[in-house]
Amino acid sequence: MPFPRPICSDSNLPGLMPVSTPEREAKTADTLGEITRLWGASDPHRTAIRFNGTSITYQVLDQRVNEAAALLLQHGIERGDRVALMLPNCPEMLIFDLGCFRLGAVAVPINTRYQRAEVRYALEHSGAAVLVADCAFLPVVEGLAHELPDLRQMLIRNAPAGDGRDLTKALAGVTATAVTNAAHPEDAAVIFYTSGSTARPKGVVHSHRSLLGACRCQQTTRRMAPGRRWLVTTGIGYVAGLAGISLPCLYAGATILIEEDIGAEHLLRTIVRERAQASILLPTKLFDMLESPRVRELDLSSLEQVYVGGDECSHDLYHRFRDRFGYDLAQFLGMTECEGYVTNQSDADNRIGSIGRPADGVELRLVDDAGRTIDDDRAGEMLVRAPGMMVRYWNNPEATADTLADGWLRTGDVARRDADGYHWFIERRREIIIRDGSNIAPHEIEDVIDSHPAVAESCVVGVPDAHHGAVPVAYVELEPDAGPMTGETLAAWLEPRLSYYKIPTRWEFLAQLPRTATGKMNRKQLHARALNNSSSGDVD
């Protein structure tokens with residue numbers, strides 16, 4: 001049976017019940033697959049999801065989760081197996097996450113902007129046995145089942161006519177029997193692939209226990225309540241979309257507003273149509289929304305709570321938002337390893353320009369280079385201990401040991417804390433570049449640039465950008481016998497090999513890349529050069 005099945009019309013909107021409804025969040029859930037089952041039994045007609053003008057109640061959502069789990073069982077998926085999901089924002093993305101959780105299988109969201117080599121790496125590294133993908137990504141994933149020995153099956157959402165892998169037809173053939181929850185609290189639940197300081201993305205593992213910890217943290221911190229309507233504006237395959245909004249909403253009995261089109265204009269119309277009350281936005285997305293001519297015309301009065309994170313937030317954006325909405329943005333900071341660990345609020349508990357105070361249940365320390373706790377108003381690396389932080393990196397014990405120590409998570413972010421307990425971001429110690437909320441590892445780009453026959457070596461650094469937060473800039477040293485070369489040529493070399501957001505926006509060719517006294521690449525010098533060129537308007 002295809003889903004999502006319409007349960008009511010737009011005019012009914014059962015999710016719009018008062019938020020004062022007695023709290024019945026799924027506090028008794030020990031694993032994620034139990035959440036919808038508990039709500040489906042205790043409040044079956046409450047709206048869980050709104051999508052394309054239709055509603056899915058908690059009862060029906062639980063049925064769909066059961067169908068997804070049964071389908072995966074038919075394909076041999078068992079506890080501990082990995083299931084990759086390359087889907088846009090749609091109910092199926094969340095339903096198959098939850099189906100995996102019920103089986104004790106591990107969901108592996110695949111970035112929908114990935115190119116074939118990036119997808120292949122994530123599938124191979126995770127050992128995914130099944131891939132559920134949208135037909136829009138067939139050009140990227142077609143044939144991978146023949147290349148990867150662990151990948152046994154592909155299921156295609158909206159598959160072309162005659163394609164035997166069609167997801168809807170596969171679900172229609174599922175026997176409607178209850179699937180037993182097979183997960184344990186300590187089992188891995190999700191592997192998020194995220195770029196960092198290494199050339200290859202790392203697989204961040206969250207367990208059922210850690211994601212339930214995130215649910216409890218964000219339900220309290222972000223004041224999620226039964227019936228409250230939360231708009232998802234980032235991919236559900238990202239930690240913010242899943243652990244920051246979707247799962248905490250389900251835990252709290254709230255309503256998730258899912259839109260496949262997350263463009264600024266469409267989101268503005270969605271806020272009006274669905275009477276969205278709260279959301280998390282990237283600064284770039286919010287900027288685009290405020291730039292729209294319609295932002296002054298539309299009735300956006302339902303939106304009363306907005307968190308912003310993923311990139312730096314300018315004072316101009318703060319002021320423009322307050323001018324339009326009449327209250328403050330709530331800036332927060334998180335990472336794939338621990339979503340939303342420090343935050344402001346859209347009321348008196350806000351300090352414009354800061355990243356806020358620790359979220360509910362989160363402990364936060366600032367330490368010096370020797371690992372010693374430091375006093376207020378001194379800069380130090382933030383160490384986090386929280387119920388919702390990752391448990392390890394997938395098949396990477398070295399990186400795990402480098403990041404987790406004595407129960408604390410090293411964030412790599414430097415901040416200072418004022419006397420009132422608010423934290424102020426200073427810098428990022430690691431070389432990571434964050435563009436439009438997505439992590440970019442310079443070494444990953446450099447490896448692909450260096451694979452060009454004419455390139456001897458390259459170095460990529462990030463520079464601030466008013467719209468995107470930061471963008472990569474490439475410095476290239478050519479082989480001695482190389483002919484003329486341009487940035488356009490190298491960008492074309494990267495396009496089929498890397499996601500578009502990783503491709504440098506500026507290129508500079510040097511006779512020799514600078515080195516330190518020990519022979520290492522002098523990234524600080526190149527970063528200073530890039531900043532100087534950026535401020536002077538020098539574009540190569």
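(A) Expanded view of the nonpolar core. By size, the foremost hydrophobic cluster in this structure holds 73 residues, and its most contacted members are Phe96, Val132, Trp230 and Leu250. Apart from the residues within four sequence positions on either side, leucine 250 is in contact with Ile35, Trp39, Ala48, Tyr58, Leu61, Leu94, Leu98 and Ile256. Residues Leu123, Ala128, Val205 and Val460 belong to the second largest nonpolar core, which totals 47 residues.

(B) Region of the structure containing the environment of valine 132. Counting through the fold element by element, valine 132 comes out in strand 5 (residues 130–134). Valine 132 sits 234 residues away from leucine 366 along the chain, and the two C-alpha atoms are 42 Å apart. Valine 132 has contacts with Val83, Ala84, Leu85, Met86, Leu87, Phe96, Leu155 and Leu167, leaving out every residue within four places of it along the chain.

(C) Fine view of helix 10 (residues 264–274). Listing the buried residues of helix 10 in full gives Ala264, His266, Leu267, Leu268, Thr270, Ile271 and Glu274. On its buried side, helix 10 packs onto strand 1 (47–51), strand 9 (229–231), strand 10 (255–258) and helix 11 (283–291). Residue arginine 275 follows helix 10 closely and has a positive phi angle near 55°.

(D) Spotlight on the sheet that holds strand 10. Spatially, the nine strands line up as an open sheet ordered 2-1-10-9-11-12-13-14-15, and their pairing is mixed. Lying at the two open borders of the sheet, with one neighbouring strand each, are strand 2 (54–57) and strand 15 (357–358). Of the pairings in the sheet, the one linking strand 1 to strand 10 comprises three bridges and is parallel in character. Paired with isoleucine 49 across the strands is isoleucine 256, a residue of strand 10. This element, helix 2 (residues 58–74), spans strand 1 and strand 2 of the sheet and lies at about 80° to strand 2.

(E) Structural view of the packing of aromatic side chains. Under the counting rule described, the total for this entry stands at seven aromatic pairs. Taken together, a centroid distance of 5.6 Å and an interplanar angle of 35° make the contact between tryptophan 39 and tyrosine 58 tilted. Of this pair, tryptophan 39 sits in helix 1 (residues 35–42) while tyrosine 58 sits in helix 2, and the two are 19 residues apart along the sequence. No difference in accessibility class separates tryptophan 39 from tyrosine 58, as the two residues are buried. On the numbers, 6.4 Å between centres and 15° between planes, the contact of tryptophan 230 with tyrosine 307 is stacked. Residue tryptophan 230 is found in strand 9, and its partner tyrosine 307 is found in strand 12 (residues 305–308); the two are separated by 77 residues along the sequence. Of the two residues, tryptophan 230 and tyrosine 307, both sit in the buried class.

The rules behind these values
- Residues numbered from 1 in each chain as written.
- Predicted model: local features only at pLDDT ≥ 70, side-chain atom pairs only at ≥ 80, totals over all residues.
- Heavy atoms only, no water.
- Core = buried A, V, L, I, M, F, W, Y, C linked by side-chain atoms within 4.5 Å.
- Buried < 20%, exposed > 50% of the residue type's maximum accessible area, 1.4 Å probe, protein only.
- Contact = heavy atoms within 4.5 Å.
- Helix = DSSP H or I, 4+ residues; strand = E, 2+ residues; numbered from the N terminus.
- Pairing = 2+ DSSP bridges.
- Axes fitted to C-alpha atoms, helices over the stretch in contact; angles between N-to-C directions.
- Phe/Tyr/Trp six-rings, centres within 6.5 Å; stacked < 30°, edge-to-face > 60°.

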